[in-house]
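Per-entry structural report
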Amino acid sequence: MFDHFVVPDLLPAAPEIFLVVMALAILLIDLFVKDSRRTLTFSLSVLTLLGCAVIQVWTRIGGVAYMELDGDIYPIIRYFANAEGVVYTFSRMFVDDLMSDVLKLFLYATVIIVLFYSRAYVIDRNEMNKGEYYVLTLFATLGMMVMISANHFATVYIGIELLSLSLYAMVAMNRTSLAASEAAMKYFVLGALASGLLLYGMSMIYGATGTLEITAIAARLQDANGNLLAFGLVFLIAGLAFKLGVVPFHMWIPDVYHGAPTSVTLLIGSAPKLAAFAVAMRLLVGGLFDMAGDWQAMLVIMAVLSMAIGNLAALVQTNIKRMLAYSAISHMGFMLLGIVTGVVNGNPANALEAYSSAMFYVVSYVLMSLGTFGMILLMARAGFEADTLDDFKGLNQRSPWFAAIMMMLMFSMAGIPFFVGFFAKLAVLQVVIAAGYIWLAIVAVLFSLIGAFYYLRVVKLMYFDAPQDETPIVASADMRLLISANGVAVAAFGLFPGTITVLCLFSLAHSF
Amino acid sequence: MDFQTLVFFFLSAILVFAALRVITARNPVHAALHLILAFFTCGGIWALLQAEFLAIAIILVYVGAVMVLFLFVVMMLDVNIDRIRQGFWSYLPLGAVLGLLMVLEMGLVLGSRHLQKPAAAAAVAPGVSNTKEIGALMFTDFVYPFELASIVLLVGMVAAIVLTYRGPKKTKNTNPNQQVFVKAKDRVRVLQMPVEKD
């Protein structure tokens, strides 16, 4: 019975194990914390994530290699595990490759920034100022790590559930707010429906191929029942689209972004996009690559619809959280363009550049989304949410520096040169044109132009309108420093986009 | 069509019917009763597939524990005892029909060996225990998702507590320190009120 079983190598999963142990410890330690600001819980959570990052790098690095791209030489971390850098463990349920390493490092950084940004907001709100807030954040992070490293339908599903359950609870945590309870209920019901669709798709693909392991599915795809696979794929895509938040499975996004406490919106709007991208890559590219023609056709429709509905609906919003929710839908649609152009007429020559451009897009979107929601949190104070567009009126007179940062973030979101958002859009458009979909590129540019209007309106409000509220902006030094760094990073990566591009290209080239 | 296939189609028809009733019934108690029927029928189909552990687990866990709890909650939302008593008699016919249906299903699945020749090529070799196989897999190949499932359950518990716990109940003890410092004007509050005409 145990002939085939190999005792799992725990080293590749060391960051996950460390995170679980620390999260459980923090859950207990917090019971004895007397401090109403919960400094100990907060610092332990940040240290845990830093520790995860250290372990992630420390268990991987073997040295430095050099990679040549367009005549320039870039230093790159060399992988010690094996030449390909792909390690499977836990009976091939867990995969550790360079894509997962890079995405997880971005994930840790994102969650640390989320914790710093939401600190003051959480302290000001009694209902949320609990140790469980930090513990649930850590468990949500664990769920995302599991999703990123999943090589088995069971782990994909359980990672998604771990993430979603933690997020449902965090959205509902502000019990006195009716909007938050409504958002949590909608998120929960629609999330359960999406999980059902995903499971239904997985069960059909299992029925067709006889295995749940993603790499094994890829090997058995040729002999499988085509009809059953196609049905399974439709359900799988529907479930995935829900998690990514693309049309027509986007209905939950505006309500949840709007209703959830802003600190939770910040978490929902940033890190899970990385995990959802990873799951899409694992399932579609890692598992169902031979069916690329089928899923690309479905995703193209979703991408175009997302860009259209996202950008048009964002035009008429008065609440900035709702506006950013529709903007998130349109950005995810734009990112899908990178995933759908990988295989052209059965020829995967373009694939690496295409998927790498999508990864670049996700990473830069997460950076921008962190900054913009961070600005809302910065302006919020006890009893005041700062979540309408009017609250940004005249920000320049109240604080020229923060107005400048918000302007950079908005320019970057709109895709104005030379910010990181521009290069993300450029990279995706390049692969779309290289794949020969000229009409798709034109549609994407047109909707980006429409989208530029509502980003620039925020800039107009900040610089040309009189402020409605003269209260000075109070923020701790770490918050000011981090949000400044975030804004500067958007500009700096715009000047040097090569670093992220090479990271994405190299990590994807050495994965799967 | 052999007898097993016939039983399978019979159970499937009931399953689809019960599942449809769960979402169409207006009365939540009826919906819950049909969900019990759906779980039970599902257990029957698993028993046909020789997955006896899953069949028993779904009946013990879902029908025996989860659904009974569901019914309690649905019925307790109305705390009026008389109405629950009335409810008992009005739900009895439906409950009896569903119960008889389940007994019939159980008879079909468990009694199928008396009604037909034993299947020549069983899917599972004799002597292999379903329960033992699942247990072994759970702690070897599936240990990673198994451990993660425990974390999911923990998150469920933490979430339930954080969303419902409202702090310790305030006790009505007195604080002598505050009592000593009390002044006359704290005890009496003079209100200005207009004279009421009656």
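The structure presented is a predicted model; accordingly, all values stated were derived computationally and were not measured.

**Side note on the overall build of chain A**
Across its full length, chain A holds 20 helices and four strands. Taking 24 Å as the expected radius of gyration for a compact globule of 512 residues, we find that chain A reaches 22 Å, a close match to that expectation. Along the first, second and third principal axes, the C-alpha atoms of chain A reach 70 × 60 × 50 Å. Across the 512 residues in chain A, those meeting the buried criterion constitute 63%. Looking at chain A alone, contacts between residues at least 24 apart form 77% of all its contacts between residues at least 6 apart. In the structure as shown, chain A presents an accessible area of about 18,600 Å², 69% of it carried by carbon and sulfur atoms. When the 25 positive and 31 negative side-chain charges of chain A are each reduced to one mean point, those points stand 8 Å apart.

**Considering the confidence of the model for chain A**
Overall, the prediction assigns chain A a mean pLDDT of 91, with 95% of residues at 70 or greater. Predicted confidence is poor over residues 79–83 of chain A, with pLDDT under 50, and the contacts of this stretch with residues over four places away or in other chains come to 14 contacts.

**Considering a nonpolar patch on the surface**
Judged by side-chain polarity, Ile433, Ile438, Ile442, Val445, Leu446 and Leu449 of chain A come together as a nonpolar surface patch covering roughly 550 Å² of accessible area. At five residues, the largest contribution of residues to the nonpolar patch is made by helix α18 (residues 438–464) of chain A.

**Some points on the layout of surface pockets**
The space that makes up the largest pocket amounts to roughly 2,600 Å³. What lines the largest pocket is a set of 36 residues, among which Tyr157 and Leu199 of chain A together with Trp46, Leu54 and Tyr62 of chain B lie closest to the centre. Counting only elements with at least two residues in the lining of the largest pocket, the list comes to α5 (153–172) and α6 (178–209) of chain A together with α1 (3–24), α2 (28–48), α3 (52–76), α6 (130–138) and α7 (143–164) of chain B. Its residues assigned to classes, the lining of the largest pocket shows 32 nonpolar, three polar and one charged.

**A short note on the side chain of Ser364 of chain A**
Residues and elements named next belong to chain A. Locating Ser364 in the fold gives a position in helix α14 (residues 351–379). On the accessibility criterion, Ser364 (1% relative accessible area) is buried. What Ser364 contacts, discounting residues up to four positions off in sequence, is Val420 and Ala424.

**Let's talk about the packing of α5 of chain A against helix α11 (residues 271–287) of chain A**
For any two helices packed against each other, the geometry comes down to the angle between their axes and how far apart the axes lie. Residue and element names in this part refer to chain A. Contact geometry of α5 with α11 gives a least axis separation of 12 Å together with a crossing angle of 165 degrees. Put simply, α5 runs roughly antiparallel to α11. Of the two elements, α5 crosses α11, and the hand of that crossing is left-handed. Between α5 and α11, the residues in contact are Phe153, Val156, Leu163 and Leu167 and Pro272, Val279 and Leu283, respectively. Within the contact of α5 with α11, the residues separate by chemical class into seven nonpolar, no polar and no charged.

**Quick notes on the interface of chain B and chain A**
Facing the 21 residues of chain B at the interface are 28 residues of chain A. Between chain B and chain A, roughly 2,400 Å² of surface is buried when both sides are summed, and carbon and sulfur atoms account for 82% of that area. Per-residue buried area on chain B facing chain A is highest for Asp141, Tyr144 and Val162 of chain B; these three make up 27% of the total on that side. Summed over the shared surface of chain B and chain A, the result is zero salt bridges.

**A word on the confidence of the model for chain B**
All names here are of chain B. Across chain B, the average pLDDT comes to 81, with 84% of residues at 70 or higher. By mean pLDDT, helix α5 (residues 112–115) is the weakest element of chain B at 58, and α7 is the strongest at 94. Overall fold confidence (pTM) sits at 0.88, and the ipTM for the predicted complex is 0.91.

**Describing helix α19 (residues 477–495) of chain A**
Residues and elements named next belong to chain A. Between its first and last C-alpha, α19 extends 27 Å over 19 residues, near the 27 Å set by a 1.5 Å rise per residue. All of the buried residues in α19 are Met479, Ile483, Ser484, Asn486, Gly487, Ala489, Val490, Ala491 and Gly494. Packing partners of the buried residues in α19 comprise α3 (98–124), α14, α16 (400–414) and α17 (420–434).

Scoring rules and cut-offs
- Residues numbered from 1 in each chain as written.
- Chains lettered and ligands numbered in written order.
- Predicted model: local features only at pLDDT ≥ 70, side-chain atom pairs only at ≥ 80, totals over all residues.
- Heavy atoms only, no water.
- Helix = DSSP H or I, 4+ residues; strand = E, 2+ residues; numbered from the N terminus.
- Rg over C-alpha atoms; globule rule 2.2 N^0.38 Å.
- Buried < 20%, exposed > 50% of the residue type's maximum accessible area, 1.4 Å probe, protein only.
- Contact = heavy atoms within 4.5 Å.
- Areas by Shrake-Rupley, 256 points an atom, 1.4 Å probe, with all protein chains shown as cover.
- Lys, Arg positive; Asp, Glu negative; His and termini not counted.
- Charge placed at Lys NZ, Arg CZ, Asp CG, Glu CD.
- pLDDT = per-residue confidence, 0-100.
- Patch = residues over 30% accessible without salt bridge, like charges linked within 9 Å, V, L, I, M, F, W, Y side chains within 5 Å.
- Salt bridge = Lys/Arg side-chain N within 4 Å of Asp/Glu carboxyl O.
- 1 Å grid on protein atoms, 1.4 Å probe; cavity = no way out; pocket = protein on both sides within 12 Å on 5 of 7 lines; lining within 4 Å.
- Points joined across faces, edges and corners; volume = space filled by probe spheres on them.
- Nonpolar A, V, L, I, M, F, W, Y, C, P; charged D, E, K, R; others polar.
- Axes fitted to C-alpha atoms, helices over the stretch in contact; angles between N-to-C directions.
- Parallel < 35°, antiparallel > 145°, perpendicular 65-115°, else oblique.
- Left-handed = near helix turned anticlockwise from the far one by under 90°.
- Buried area = accessible area lost by both parts, 1.4 Å probe.
- Expected span 1.5 Å × (residues − 1).

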